[in-house]
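As a plain string of letters, each chain reads:
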Amino acid sequence: MSALRWRIVKSPPHSVISSPPLPVTIHRPLLFKSSKVFQPLNLSSILGNITSMADSNFRGSGLGQSECDEDGGKVETVSPNYVEIIAIRHGETEWNSDGRIQGHLDVDLNDVGRQQAVAVAERLSREPKISAVYSSDLKRAFETAEIIAKSCGVSEVTKDPDLRERHLGDLQGVVYREIAKIKPEAHRAFVSNRKDQEIPGGGESFNQVYERCTSALQRIAQKHKGERVVVVSHGGTIRALHRKASPHGRSVGKVLNTSVNVFHISDKDEWSIESWGDVSHLDRTGFLDSGFGGDKNSENLGGNKRRWCALFCFRASSFGQSEYVENGGDSNTRCPNYAEIVVIRHGETDWNSARRIQGQMDVDLNETGRKQALAVADRLSREPKIFAVYSSDLKRALYTAEKIAKSCGVVEVTKDPDLRERHLGDLQGLVFHEAAKINPEAHKAFGGGESYNQLYNRCTLALQRIAQKHIGERVVVVSHGATIEALHRKGSPDLQSEGKVKNTSVDVFHVSEKDEWTIKSWGDVSHLNRVGFLDSGFEGDGKSG
């Protein structure tokens, strides 16, 4: 599995669509941002409930092979050739909330951070078995790790000082927005592009924290081949681990409090990133991240923010602003400057499962695909209001869209042929691994149907038309793998990426009234994880196999 790369970027407006860059694909989970405070909680009672759930509930995941336990549930095993390491950032602290740089200073979790830790612990307790829990020895990480260990039935947390945050020298204890003024020399070292630049006051260089934390993860990996372990650490440290697994990738941006980041490390020390930045456990419980990770790319979410108490049902969204509504309803004030377009790939077909190239051939969903459509529809029905649903006119997309529309109270699905999959010419109907042998000429051209430029122009213009009709609203677009990849290229023209667009994955775009595109989240299939489905199959584009 190749390493994944992620970043939110904006593309400039284009009055004329010229030849786009070469196509790429990506697989990423949801990233989310906001902040709020909840009432103090009784940790012992909550953890007791979580522990009992961990003993009885179904554990579902995409790991390795499945076996049946005594109760008929599934227990997943990891391949003996690698370890699965779930790297989690600690919960929120008051210094996170204030935008104050922590580094090696030992700051406790606040109430929100403890509730975030309970939320991620409850999530992990319903996933496949955790064999061990490791943690930085700093209190904010160790308390998070202890809550996870208790909920997952792990008797002891192993402390490792090499999992600590980067030591930030004279910057520690200073509010980030003031460091350039108060500590100018340390600030210059901090923002330097030199990887060997140490920070005055005993601070580490990036190279030093990189060597320290990657060596720690390698030691853990060698002890746990064929197992699944949790490592609780810090923002700057986890970013360094990402750099090890994806050395040529771009910055991953902010590492959110209690975000789940999954690495596979093979017995040959080959690293891959299986998922990144998943905070779906916070979305479901109503918590969202705040705070500051202590590295130079985390400051954008620092500082004091308006906070709410959970007196009513709160619906969280990256769109606009959310308000509390009694009786569990939701009300969103619209942002008048952009449309939020929730782009979803259709559910699975038998041709997906058989890796047969579909293109514009009209194939129905299979039973798994219909269940996936219901799962994503149920998920969207519990999120802020959907004003319209658009779809490709191919049956596999239209069926998915109709289920979403019905669940979200949208009367009609608008069909748009410009949202179709790429036409793949003579390759359509062939099994992908046989295409080069059966039709070598079409395989070299990848289809003889549409060029990538034709696909790009067709689908990006379609999304532009939809956006201009729905400024200030949230709409759903159901389409296909290669089409969604082309939309990603429009929203992120300079980003190199790789991976598969999964069946019913949720990808969120903001398209402004000035035609500025931003990718707000990518590749979220948390609705499938919760119900036990995971993607399979093949969309029929060259990167999805």
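Residues numbered from 1 in each chain as written. Predicted model: local features only at pLDDT ≥ 70, side-chain atom pairs only at ≥ 80, totals over all residues. Heavy atoms only, no water.

1. Some remarks on the environment of G99
Now for step 1: With respect to the helices, strands and loops of the structure, G99 is situated in the loop between α2 (94–98) and α3 (111–125).
Now for step 2: Considered as a pair, G99 and V174 are 75 residues apart in the sequence and their alpha carbons are 8.6 Å apart. (Helix = DSSP H or I, 4+ residues; strand = E, 2+ residues; numbered from the N terminus.)

2. With respect to the confidence of the model for the protein
Now for step 1: When pLDDT is averaged across the protein, the result is 76; 68% of the residues are at 70 or more.
Now for step 2: When the criterion is pLDDT under 50, residues 288–334 qualifies, and its contacts beyond four places in sequence or with other chains add up to 156 contacts. (pLDDT = per-residue confidence, 0-100. Contact = heavy atoms within 4.5 Å.)

3. Thoughts on the sheet that holds strand β9 (residues 271–278)
Now for step 1: Here we have six strands laid out as an open sheet, ordered β6-β5-β7-β4-β8-β9, and mixed in their pairing. Since the sheet does not close on itself, it has two edges, and those belong to β6 (157–159) and β9, each with one partner. With direction set aside, neighbouring strand axes in the sheet form an average angle of 20°.
Now for step 2: Relative to β6, strand β5 (residues 132–135) runs parallel, the two sharing three bridges. Counterpart to Y134 in the pairing with β6 is T158.
Now for step 3: The strands touched by α3 are β4 (82–89), β7 (228–233), β8 (260–266) and β9; relative to β4, the strand with the most contacts, the crossing angle is about 160°. (Pairing = 2+ DSSP bridges. Axes fitted to C-alpha atoms, helices over the stretch in contact; angles between N-to-C directions.)

4. Quick notes on the packing of helix α11 (residues 367–381) against helix α12 (residues 395–408)
Now for step 1: Where α11 meets α12, the axes come as close as 8 Å, and the angle between the chain directions of the two elements is 30°. In terms of crossing hand, the pair formed by α11 and α12 is right-handed. Along the contact surface, α11 presents R370, A373, L374, V376, A377, D378, L380 and S381, while α12 presents Y399, T400, K403, I404, S407 and C408.
Now for step 2: A per-class count over the contact of α11 with α12 returns eight nonpolar, three polar and three charged. (Left-handed = near helix turned anticlockwise from the far one by under 90°. Nonpolar A, V, L, I, M, F, W, Y, C, P; charged D, E, K, R; others polar.)

5. A short note on the pattern of salt bridges
Now for step 1: Applying the stated criterion across every chain yields a total of 25 salt bridges.
Now for step 2: Of the charged contacts, one joins E127 and R228 as a salt bridge, the two residues approaching to 2.8 Å between their closest N and O atoms. Remark: R228 occurs in strand β7 and E127 occurs in the loop between α3 and β5; sequence separation between them is 101 residues.
Now for step 3: E127 sits in the buried class, given a relative accessible area of 13%.
Now for step 4: Among the salt bridges present, the one from R458 reaches E450, with a minimum N-O distance of 2.7 Å. In this pair, the class of R458 matches that of E450, namely buried.
Now for step 5: Counted as one network, the salt bridges with shared partners bring together E84, R123, E127, R228 and D278. (Salt bridge = Lys/Arg side-chain N within 4 Å of Asp/Glu carboxyl O. Buried < 20%, exposed > 50% of the residue type's maximum accessible area, 1.4 Å probe, protein only.)

6. Re the nonpolar core
Now for step 1: I341, V343, I466, V477, L487 and F509 are the most contacted members of the largest nonpolar core, which totals 26 residues.
Now for step 2: Residue assignment for this core shows that the elements contributing at least two residues are β12 (338–345), β13 (388–391), α15 (452–469), β15 (474–479), α16 (481–491), β16 (506–512) and β17 (517–524).
Now for step 3: Excluding residues within four positions of it along the chain, V477 makes contact with I341, V342, V343, I344, Y390, L419, L463 and I466. (Core = buried A, V, L, I, M, F, W, Y, C linked by side-chain atoms within 4.5 Å.)

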